[in-house]
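If you want the building blocks of each chain, they are given just below.
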Amino acid sequence: MNKIGLIVSREYFSRVKKRSFLITTLLVPIIIIGFYAAIVAITLSGSSSEKEKIAIIDNAHLFDGKMPESSSDIHFQEVKNETEQSFTEKYKGQGYSGFIFIPPFNIDSVPHLSLHSGASISISTMMGVENTLNKAIENKRMKALGIDPEKFASISSDIDLGNIIDTKEGSKKGNAGVAYGVSFACGILIYMMMIIYGTQVMRGVTEEKTSRIAEVMVSSVKPFELMMGKILGIGAVGLTQFAIWIILLFGLQLLLPLFSPDLMHQIQTASAGSGDASSMATKVTQGFSSLPLAKIAISFLFYFLGGYLTYASLFAAIGSVVSDDQQEAQQMVFPIMMPIILGFVIMTKAVNDPNSSLAVFGSLFPLTSPIVMMGRITYDVPLWQWITSIGLLILCFIFLVWLTGRIYRTGILMYGKKPSWKEMIKWAFR
Amino acid sequence: MNILELRNLKKYFATQKAVDDISFNVEQGGIFGLLGPNGAGKTTLIRMITGIFYPDSGEILFNGKKFNGLNDSHFIGYMPEERGLYKKMTIGEQALYLARLKGLSKADATTQIKKWFVKFGMETWWNKKVEDLSKGMSQKLQFVTTILHNPSLIILDEPFSGLDPVNANLIKDEIFNLAKNGSTIIFSTHRMEQVEEICNHIILVNKGKKILDGTISNVKQEFKENIYSIGVQALPEHLMTHIFEVVKHNPNQILLKLAAGTQPNDVLSYFINHHLQVNSFNEVLPSLNDIFIRLVENTETARVFQNQN
């Protein structure tokens, strides 16, 4: 086995054999699933928070004495024989969290209305009250024009637009929501992986430097081999982790119905609520099957590797110049984290508007492309953009590895003072 | 035959001339002392010999051929002053890893490690982690990993620091053994008594320049100051003579510095003629420690003087 292979296998096995690797590999998905399960559970159980009691002084007879039905978090109550001034002093004592004074007005010109409250009122409450008032005013206006509001309701339409994706292999039912979710998840996953494994590379390099093993090592191997061995070894750990997760995911999908067939049924009926949960489930499955999964998997792998290798080499260079001081390391890491975070921000925009010029730029610029391109993965990306993005990423990776290898070579044997950026640039281009 | 020849080696850093035109030869099978004060350029010199740094100019010949750090790395064992091992790795794996990086096969490396571990009483350590070892223990491990691949040139930077006398002797004996079996050892230290005991040949570097080069006895001859110690029965009251001056009075012993042109026999005749009973008479050679301090201090003052002008 050649030297770089030895280094890779040491880096790989010393991490994979650790108990903490197994624990994090198994625990992370459980925590993520648990987290989402908790969110879903909270949403399904409805808000348990107390309803806001809002009083309405309806001098315009907007509601004609019929108070609107209470929604999930607002309860309306009519108050009579009060003025804005007189009630301002009383409403808190009577248990209201706010009130609205509606003066008499001409239905065609609505005056400015205000919600009085003791403290800042939540946006959802504001929206609820606004909707209620709008509906009441619309009803009034319809009546004024001679339209029966009930008839109007019967003709209003709420269609459910489907999406059929036509490819060479045939047409499939798509689901924009699922496509959005998958793009977003891929982007986040790459973002997280780049940071997690990048910092691992940095810490490994710093450890080698501060424990002075680096000097022994570079008397046997080229500094470049040492650096690449570490980067590749840790990258292999990342791929292993992915592989375990994918196997677990498929395993769970297969095993779950076997263990308790009625559990799935329960989930379907429990979340049904209004009865469209099962149709929702089929939509999601349809959405998944409409996605080009092989393309997603291959691009994910490529962009993970490309992004990881690009950033890991930068992290390695930083690791080679800092000492054990954590604060110092953080300072140096900041400029590297900037493009990663920028990529993440562009990605959140790109999933909403995949063909905007910002998204296109982000998915071509090699420091952000791994994250941003994954955000556009489920949408149709023109071929030239794919080629440019992949080409630029490969070029950037080669350039950065060459550059950081030169910084690393000098930095790993320097002790004492932290070099300035200027000095590091000088090492790189000397 | 010279295993290593350095010719006009230079390595300049931004702030100083770490190695400024140094040449010397290291003979096969000897123990070679590389001495110098802190910051003299020893580590830089060693790093060039081990292939970690490239010299700015000059050349290094290894076994008569131009030295190539990567191809020749398995001929060289290097133990840096700042010891370095992976803290979380077990000792056996660590030794195996370092040996295989030097080109040993897994099987060969395992046999070698077992052999050395038995020799140094470390058989039970295999599954321990480096972080569990004391400083002296990890030093022993570092020494073993340095020589596992049977290098023909072994470079040891302060190999005894932090070792108790028993373990220091163990390693010292091993150094002699290795030299006897044909390995060449370059030994870098500040501890002059160890150098006198171990080395055949020394060079002294200071401020990036070589200021001394020779075998220990030659160097001592070169720096001797014509001082003799004479053991006498009873101390004479006055020794008035132009042939020597008394440097120091000890009980029953006097240190004399001979005047230029005086032969040791003249001193003896003087004592005999004055009927003074002589018990012993021998030349006092300067210790390496004295030579070291004298040379290094001289350059210090010279430098300060230059700066003042």
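For clarity, every value in this text was computed on a predicted model and none was experimentally measured.

Cut-offs and rules
- Residues numbered from 1 in each chain as written.
- Chains lettered and ligands numbered in written order.
- Predicted model: local features only at pLDDT ≥ 70, side-chain atom pairs only at ≥ 80, totals over all residues.
- Helix = DSSP H or I, 4+ residues; strand = E, 2+ residues; numbered from the N terminus.
- Buried ≥ 20, exposed ≤ 12 C-beta atoms within 10 Å, placed from the backbone.
- Contact = placed C-beta atoms within 7 Å.
- Nonpolar A, V, L, I, M, F, W, Y, C, P; charged D, E, K, R; others polar.
- Pairing = 2+ DSSP bridges.
- Expected span 1.5 Å × (residues − 1).
- Core = buried A, V, L, I, M, F, W, Y, C linked by C-beta atoms within 7 Å.
- pLDDT = per-residue confidence, 0-100.
- Axes fitted to C-alpha atoms, helices over the stretch in contact; angles between N-to-C directions.

## Observations concerning the overall build of chain B
Each helix and strand counted, chain B has nine helices and 14 strands in total. Overall, the C-alpha framework of chain B stretches about 75 × 50 × 35 Å when taken along its three principal axes. The buried share of chain B, reckoned over its 309 residues, is 34%. Long-range pairs, those at least 24 residues apart, make up 68% of the contacts in chain B between residues at least 6 apart in sequence.

## Overview of the overall build of chain A
On a plain count of helices and strands, chain A comes out with 16 helices and six strands. When each of the 430 residues of chain A is scored for burial, the buried share is 30%. Counting only contacts in chain A whose residues sit at least 6 apart along the sequence, the fraction spanning at least 24 positions is 71%.

## Looking at the environment of Asn279 of chain B
Residue and element names in this part refer to chain B. On the secondary structure map, Asn279 appears in strand 14 (residues 278-284). As for Asn279 and Glu196, which are separated by 83 residues in sequence, their C-alpha atoms are 27 Å apart. Every residue in contact with Asn279, bar those within four places of it in the chain, is listed here: Gly231, Val232 and Gln233.

## Looking at the interface of chain B and chain A
Listed as interface residues are 20 residues of chain B and, on the opposing side, 16 residues of chain A. Taken together, the elements giving at least two residues each to the side of chain B that touches chain A come down to strand 6 (76-79) and helix 2 (91-101) of chain B. Broken down by element, the side of chain B that touches chain A gets its largest block of residues, four residues, from helix 2 of chain B. Here the side of chain B that touches chain A is composed, by residue class, of 11 nonpolar, four polar and five charged.

## Notes on the environment of Gly162 of chain A
If you trace the backbone, Gly162 of chain A turns up in the loop between helix 5 (149-155) and strand 5 (163-167). Each C-alpha atom of the pair Gly162 of chain A and Lys222 of chain A lies 59 Å from the other, and the pair is 60 residues apart in sequence.

## Focus on the sheet that holds strand 2 (residues 17-27) of chain B
What holds strands together in a sheet is hydrogen bonding between their backbones, with the strands either parallel or antiparallel. All names here are of chain B. Strand order across the open sheet formed by four strands is 2-1-4-5, with antiparallel pairing between neighbours. Every other strand in the sheet has two partners, leaving strand 2 and strand 5 (65-66) as the edge strands with one partner each. Here eight bridges tie strand 1 (residues 2-12) to strand 2, and the two strands are oriented antiparallel to one another. In the sheet register, Leu4 faces strand 2, and the bridge partner there is Val26.

## Description of helix 5 (residues 165-180) of chain B
Over its 16 residues, helix 5 of chain B runs 22 Å from end to end, which matches the ideal 22 Å to within 8%, given 1.5 Å per residue. Looking one or two residues past helix 5 of chain B, Gly182 of chain B carries a phi angle of roughly 105°, positive in sign.

## What to know about helix 15 (residues 383-411) of chain A
Between its first and last C-alpha, helix 15 of chain A extends 41 Å over 29 residues, near the 42 Å set by a 1.5 Å rise per residue. Inspection of helix 15 of chain A places Ser389, Leu393, Phe397, Val401, Thr404, Gly405, Ile407, Tyr408, Arg409 and Gly411 of chain A among the buried residues, and these make up the whole buried set.

## Things to note about the nonpolar core
Grouped together as the largest cluster of nonpolar side chains are 124 residues, with contacts concentrated most on Ile190, Val201, Ala312 and Ala316 of chain A together with Ile155, Ile185 and Phe187 of chain B. Non-local contacts of Phe187 of chain B, meaning those with residues more than four positions away in its chain, are made with Ile31, Phe32, Gly33, Leu34, Leu156, Ile198 and Cys199 of chain B. In this structure, Ile54, Ala55, Tyr91 and Ile100 of chain A belong to the second largest nonpolar core, which totals 12 residues.

## A few points about the confidence of the model for chain B
Residue and element names in this part refer to chain B. Per-residue confidence for chain B gives a mean pLDDT of 84; residues scoring 70 or more make up 95%. At the low end of the mean pLDDT range in chain B sits helix 9 (residues 288-308), at 65; at the high end sits strand 7 (residues 153-157), at 92. This model gives residues 301-309 a pLDDT under 50, and the stretch forms zero contacts once residues within four places in sequence are excluded. Interface predicted TM-score (ipTM) for the complex: 0.78; the corresponding pTM is 0.75.

## Here's the deal with the sheet that holds strand 9 (residues 201-206) of chain B
All names here are of chain B. One open sheet accounts for six strands, arranged 6-7-8-3-9-10; its pairing is mixed. Here the strands that pair on one side only, and so sit at the sheet edges, are strand 6 and strand 10 (209-215). Across the sheet, the mean angle from the axis of one strand to that of its neighbour is 15°, orientation sign disregarded. As judged from the four bridges shared by strand 3 (residues 31-35) and strand 9, these two strands associate in the parallel manner. Paired with Leu34 across the strands is Ile203, a residue of strand 9. Packing of helix 4 (residues 135-147) onto the sheet brings it into contact with strand 6 and strand 7, and relative to strand 6 it is tilted by some 165°. Across the face of the sheet, helix 5 comes into contact with strand 3, strand 7 and strand 8 (184-189) while running at roughly 145° to strand 8.

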